[in-house]
Amino acid sequence: MELLPFFEWLEASALGTAAKAYGGVFAVVQMFHLLALALLGGTVILGDLRLLGVVMTDVPSETVIRNTQKWFNAALALIAASGVFMSGAVAVKLYYNEMFWAKMTGLSLGILFVYGVRRPLLLRFEHASINPWALRLLALTSLTIWLSAAACGRWIGFS
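These figures come from a predicted structure and were not determined experimentally.

Now for the overall build of the protein chain. Looking only at helices and strands, the protein chain has seven helices and zero strands in total. Listing the helices and strands of the protein chain from first to last along the sequence gives α-α-α-α-α-α-α. When the backbone C-alpha atoms are referred to their principal axes, the protein chain occupies close to 55 × 30 × 25 Å. Expressed as a percentage of the 159 residues in the protein chain, the buried residues total 36%. Across the protein chain, the fraction of contacts at a sequence separation of at least 24, relative to all contacts at a separation of at least 6, is 79%.

Written out as structure tokens, the structure is:
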């Protein structure tokens, strides 16, 4: 399926036009995007470092994961909404940017991993009943996916 027509439509849409025309609005949306990225990254790092036994070892890992998942969900929703708005300003340019597609791949893998593997496993079972090495592998996989997506996203501006 060819996606270029969608990207052309997005850039020419009212959303894309507004993103280009109102620099102040774009800057505010970008600020919320960056704050949500920090929140999402913080929840991932905190939860995964807890699973690795590096931080907050006095708090049950179930509690940390349950509480960070709520904030992760909110951050992801804000990232998606603000990202679509910001992408509208330069959609065609993004279409041709390899790092954009790498970021989207990483983001997709991260979302699939969180909602298909991490969340079902960690929110349904007592962590003590899960092999500690499986928890560590889960945390390291999560960190790798999300740090890769973040690095690709940061690299978009340089490519």
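Turning to the pattern of salt bridges, a few remarks are in order. If you walk through the whole model with that rule in mind, you get two salt bridges. Note that Glu 11 is salt-bridged to Lys 20, the shortest N-O span being 3.6 Å. Here Asp 48 ties to Arg 118 by a salt bridge, and the two come within 2.9 Å at their closest N and O atoms. Of this pair, Asp 48 sits in helix H3 (residues 23-51) while Arg 118 sits in helix H6 (residues 98-124); the two residues are 70 residues apart in sequence, bridging distant segments of the chain. Summarising the burial analysis for this pair, Asp 48 and Arg 118 share the class buried.

As enumerated under the stated definition, the model contains one cavity of 30 Å³ or more in all. By volume, the largest cavity is sized at about 40 Å³. Around the largest cavity, the lining residues are Thr 43, Val 44, Thr 68, Gln 69, Phe 72 and Arg 118. Elements with a minimum of two residues in the lining of the largest cavity: H3 and helix H4 (61-89). Grouping the amino acids of the lining of the largest cavity by side-chain chemistry returns two nonpolar, three polar and one charged.

This part takes up helix H7 (residues 132-155). For H7, with 24 residues, the first-to-last C-alpha span of 34 Å sits near the 34 Å given by 1.5 Å per residue. Of all the positions in H7, only Leu 135, Leu 138, Ala 139, Ser 142, Leu 143, Ile 145, Trp 146, Ala 149 and Cys 152 are classed as buried. Check the buried side of H7 and you find it contacts H3, H4 and H6. Where H7 begins, one side-chain oxygen reaches toward the backbone nitrogen of Trp 133, 2.7 Å away; that side chain belongs to Asn 131.

Attention now moves to the packing of aromatic side chains. Under the counting rule described, the total for this entry stands at twelve aromatic pairs. An aromatic cluster is built from Phe 6, Phe 7, Trp 9, Tyr 95, Tyr 96, Phe 100 and Trp 101, whose rings are joined through pairwise contacts. Sitting over the face of the ring of Trp 133, Arg 136 holds its NZ or CZ atom 4.6 Å from the ring centroid.

On to H6, then. Between its terminal C-alpha atoms H6 stretches 37 Å, which fits the 39 Å expected from 27 residues at 1.5 Å a residue. Those residues of H6 that fall on the buried side of the exposure criterion are Phe 100, Gly 106, Gly 110, Phe 113, Val 114, Arg 118, Pro 120 and Leu 122. The inward-facing, buried residues of H6 contact helix H1 (4-12), H3, H4, helix H5 (91-95) and H7. Where H6 starts, the residue carrying a side-chain oxygen 2.8 Å from the main-chain nitrogen of Met 99 turns out to be Asn 97.

Of the pockets and cavities examined, the largest pocket occupies roughly 1,200 Å³. Along its surface, the largest pocket is lined by 41 residues, and His 33, Met 86, Lys 103, Gly 153 and Ile 156 are the ones closest to its centre. Counting only elements with at least two residues in the lining of the largest pocket, the list comes to H1, H3, H4, H5, H6 and H7. Here the element with the most residues in the lining of the largest pocket is H3; it accounts for ten residues.

What counts, and where the lines are drawn
- Residues numbered from 1 in each chain as written.
- Predicted model: local features only at pLDDT ≥ 70, side-chain atom pairs only at ≥ 80, totals over all residues.
- Heavy atoms only, no water.
- Helix = DSSP H or I, 4+ residues; strand = E, 2+ residues; numbered from the N terminus.
- Buried < 20%, exposed > 50% of the residue type's maximum accessible area, 1.4 Å probe, protein only.
- Contact = heavy atoms within 4.5 Å.
- Salt bridge = Lys/Arg side-chain N within 4 Å of Asp/Glu carboxyl O.
- 1 Å grid on protein atoms, 1.4 Å probe; cavity = no way out; pocket = protein on both sides within 12 Å on 5 of 7 lines; lining within 4 Å.
- Points joined across faces, edges and corners; volume = space filled by probe spheres on them.
- Nonpolar A, V, L, I, M, F, W, Y, C, P; charged D, E, K, R; others polar.
- Expected span 1.5 Å × (residues − 1).
- Polar contact = N/O pair within 3.5 Å; in protein donor to acceptor, adjacent residues only side chain to side chain.
- Phe/Tyr/Trp six-rings, centres within 6.5 Å; stacked < 30°, edge-to-face > 60°.
- Lys NZ or Arg CZ within 6 Å of the ring centre and 35° of its normal.

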